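What the coordinates show
Given next are the chains, with one letter for each unit.
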Amino acid sequence: MRTSRTMNIIVFLLVIVLLGIPTNVSAESPYRGYIYDNLDNTPASINGYLYADSIDGIGKEFGNLKAPEDLFIAPDDTIYIVDSGNNRVIHITQNQELIGIYGDKEGKGLLNTPKGVFVDTQGSVYVADTLNRRIALFDKSGQFVKEFTQPVSPLLGDKFVYSPSKLIVDKRGYLFVVSDGASQGLMQIRPDGQFAGFFGANHVNFSWTRVLVRLVASEEQKEQIASVRPPEFSNLYQDNEGFIYTSTLGVPINQIKRLSAVGVDTLNAYTDFRYGDLYMPISNGTELLDAFVDVSISNSGLISALDQTTGRVFQYDKLGNLLFIFGGIGQQDGLFKTPTSVAETTDGMIYVADRTRNRIDSFYTTPFGDLVHHASELYVEGKYDQAFGPWNEVLHLNANYDLANYVIGKTFFRKQQYGDAMTYFQLAKHKEGYSDALHEYRKVYVRDNFGTIMTVLIASIIFIRLLLMAYRKRWYTVFRSNKSI
Amino acid sequence: MGTLKLMKKSLVHPLDFFYDYQFMERSKLKYAIIIVCLAFCTKVINLMFAGYSFSYMETYQVSIPFEAVWIFLPWLTWAVSNWAVSTIVEGEGKFIDILTSSAFFYVPYIVIMLPFTFVSNFMSLKELSLALFIMYFMQFWMIFILVVQVKVLHDFEFGKTIWISLLTAVGMILIWFVCIMIFGLVNQSIQFVLDIYKELSYRS
């Protein structure tokens, strides 16, 4: 009796203790890792980025965020957040300690729904003060310095609405401004506020339907048709080499561009390329169009582009090869509602601002992500031999990664091991690469085995001739004997 | 005569061949079916063993029944359509003759595609023009055989042969269209009856 009672008590205590132990919680990502292969399928892939933390300002010195519109990460990895709903720009460290606030309570420094920010190397803060239709300049301490109002130029026309939303400042001090709804390109503004012309305008592509409509429509109808305008830029980013990267709205191809000093796209110079998802969600029977709202370039040249429609961040290497896709639309941590901006620190953390959720989400690289970045960096720099090992490791972890197969194939090709190159190009489903490797393989093979090949060839020709002769003779005799009957 | 000899003759002397073939008494259908089956085998071999640069489908995309349909169906519909069209314009061919001799349409395909499949393993895309030339040549030859067959079987003159061949092609498309339409309609009517049955069963 007593023993069973103690047993009962022990079991009861054990249950209490076991209930108290937290079960192992695994950090499962709310989004499926995937990648596009060379046949445009979407095989599963290991996630390169996972959700780390959020900045929402609740209980912090700088207070709650409201509709953050833009992020800027300075070279020292401090973060500038355009807190649009609170009409201010916050400067914080990565550990969410407040450094400074820009935007005054009253006077000339009062902001009205700012949408963009840029900080130059001296720490001067340029704010695109959208609804005040100006660009406000603050010094490092937060003192309002001056403003750039709408520039006056006959190029702009009478109906031009100046609505600056994003900007960068280049090394000369020239401002490059995205004005909402302006389809003429980026506005270039001199340090003294003078208009210096449009830069890197998008173009309207040729369309047969438009020609047809023009032919058929009457004068009145033509007036009714909205005039076709080039797609407008949504955002821009200046990398550390001075190239300006832009994102464009309302086009299915070349949404991301790298503009050279004269405004020519050098990223999609050879072929048109479709960024983002190839299979978009369908709503009311029509496929949605992606909306790339921001682009960010890491120090090593990785391009992270944010698509508002799918809520996903797409990361490409400098050559435009897709590396990772993460994020999505949803409620969980790691998904977004209305993502507005993406920015990357020097240590590889990616920050995404979410206007509706009033917070900034940060993402860290997984070990697989680090490995791919390392391999990709070596490959892009042309260090094929050094990249070989890391890419093999990538393939070992993730056999669906076509880029790894392709790069290994290319490395073998350069090492003149054409047989191996063929194998890997075939695995990468890359026909051109395979064909080139085969071409070289054949050349080498024929050169090495010329004697054998010629011997076999000549022998087989003689053999076939003999066979034919024998056949004809037999046929001839059969024919003769038939005739004789 | 073996199938191989027939095939050779159809390539070398198509006019004589098709003329003689209608008067062959036995096993016409057997040879025709053998040749179409050979064409199907060629197709499968090509899909399986063509060089990677020249294979237009990944292995997982290949469906053998689907490929079989695309070999057998054109042959059968061509025969039906050609018989229907030529009967109206006083062609002399009988249906069984048309069916059996139009199978020889596939002979150039077999004869060229098999060696090409083998050789394509040693060809790179730099020789794409050569490969394209071979393919176009093959297609031209196939059409030539078909036209000769129509001419000989129905004893038309040249212009009329071309005209009837084109009409036959249109007829084929019509047959497919009607088939798909009937399939759709039958599908819908079955669905309709099922829906009514469901409705009644819910109400009762």
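Not measured: the values here are computed from a predicted model.

We now examine the overall build of chain A. Scanning chain A from N- to C-terminus turns up nine helices and 25 strands. Here the C-alpha radius of gyration of chain A, 32 Å, is well above what a compact globule of 485 residues would show, namely 23 Å. If you line up chain A on its principal axes, its C-alpha atoms span 120 × 105 × 45 Å. Split into buried and exposed, the 485 residues of chain A put 36% on the buried side. Summarising the internal contacts of chain A: among those between residues at least 6 apart in sequence, 45% fall at separations of at least 24.

To continue, consider the interface of chain B and chain A. Each partner contributes to the interface: chain B provides seven residues, whereas chain A provides ten residues. Classifying every residue of the side of chain B that touches chain A by side-chain character gives three nonpolar, two polar and two charged.

Let us look at the sheet that holds strand β25 (residues 359-365) of chain A. Residue and element names in this part refer to chain A. Here four strands make up an open sheet; going across it, the order is β1-β25-β24-β23 and the pairing antiparallel. Pairing within the sheet leaves two strands with one partner each, and these edge strands are β1 (49-55) and β23 (339-344). On average, adjacent strands in this sheet sit at an angle of 25° to one another, irrespective of strand direction.

Grouped together as the largest cluster of nonpolar side chains are 104 residues, with contacts concentrated most on V117, V127, I135 and L167 of chain A. With seven residues, the single largest contributor to this core is helix α6 (residues 402-414) of chain A. Non-local contacts of V117 of chain A, meaning those with residues more than four positions away in its chain, are made with D70, F72, Y80, V82, V89, V125, Y126 and V127 of chain A. Within the second largest apolar cluster, 32 residues are counted, among which are A79, I98, L99 and V150 of chain B.

Moving on, we get to the pairing of strand β22 (residues 322-327) of chain A. Here β22 of chain A lies mainly inside the structure; five of its six residues are buried. Turn length for the strand β21 (residues 312-316) of chain A-β22 of chain A hairpin, with the two strands adjacent in sequence and antiparallel, is five residues, and the turn residue G320 of chain A shows positive phi of about 95°.

All names here are of chain A. If you trace the four strands from one edge of the open sheet to the other, you get β19-β20-β21-β22, paired in antiparallel fashion. Because the sheet does not close on itself, it has two edges, and the strands there are β19 (292-297) and β22. The mean inter-strand angle of the sheet, taken between neighbouring strand axes irrespective of direction, is 20°. As judged from the five bridges shared by strand β20 (residues 303-307) and β21, these two strands associate in the antiparallel manner. What sits directly across from D307, in β21, is R312.

Residue and element names in this part refer to chain B. Running from N to C, helix α4 (residues 64-88) and helix α8 (residues 158-203) cross one another at 120°; their axes reach a closest spacing of 8 Å. Accordingly, the angle class assigned to the pair α4 and α8 is oblique. In this structure, the crossing between α4 and α8 has a hand that is right-handed. Counted together, T77, W78, V80, S81, N82, A84, V85 and S86 of α4 and I164, L167, T168, G171, M172, I175 and W176 of α8 form the full contact between these two elements. Per-class residue counts for the contact of α4 with α8 are nine nonpolar, six polar and no charged.

Residue and element names in this part refer to chain A. Mapped onto the secondary structure, F336 falls in the loop between β22 and β23. Given 25 C-beta atoms within a 10 Å radius, F336 is considered buried. Apart from the residues lying within four places of it in its own chain, the contact partners of F336 are G311, G327, I329, V352, D354 and R357.

Quick notes on the rules
- Residues numbered from 1 in each chain as written.
- Chains lettered and ligands numbered in written order.
- Predicted model: local features only at pLDDT ≥ 70, side-chain atom pairs only at ≥ 80, totals over all residues.
- Helix = DSSP H or I, 4+ residues; strand = E, 2+ residues; numbered from the N terminus.
- Rg over C-alpha atoms; globule rule 2.2 N^0.38 Å.
- Buried ≥ 20, exposed ≤ 12 C-beta atoms within 10 Å, placed from the backbone.
- Contact = placed C-beta atoms within 7 Å.
- Nonpolar A, V, L, I, M, F, W, Y, C, P; charged D, E, K, R; others polar.
- Pairing = 2+ DSSP bridges.
- Axes fitted to C-alpha atoms, helices over the stretch in contact; angles between N-to-C directions.
- Core = buried A, V, L, I, M, F, W, Y, C linked by C-beta atoms within 7 Å.
- Parallel < 35°, antiparallel > 145°, perpendicular 65-115°, else oblique.
- Left-handed = near helix turned anticlockwise from the far one by under 90°.

Remember, this is a structural readout, not a statement about activity or role.
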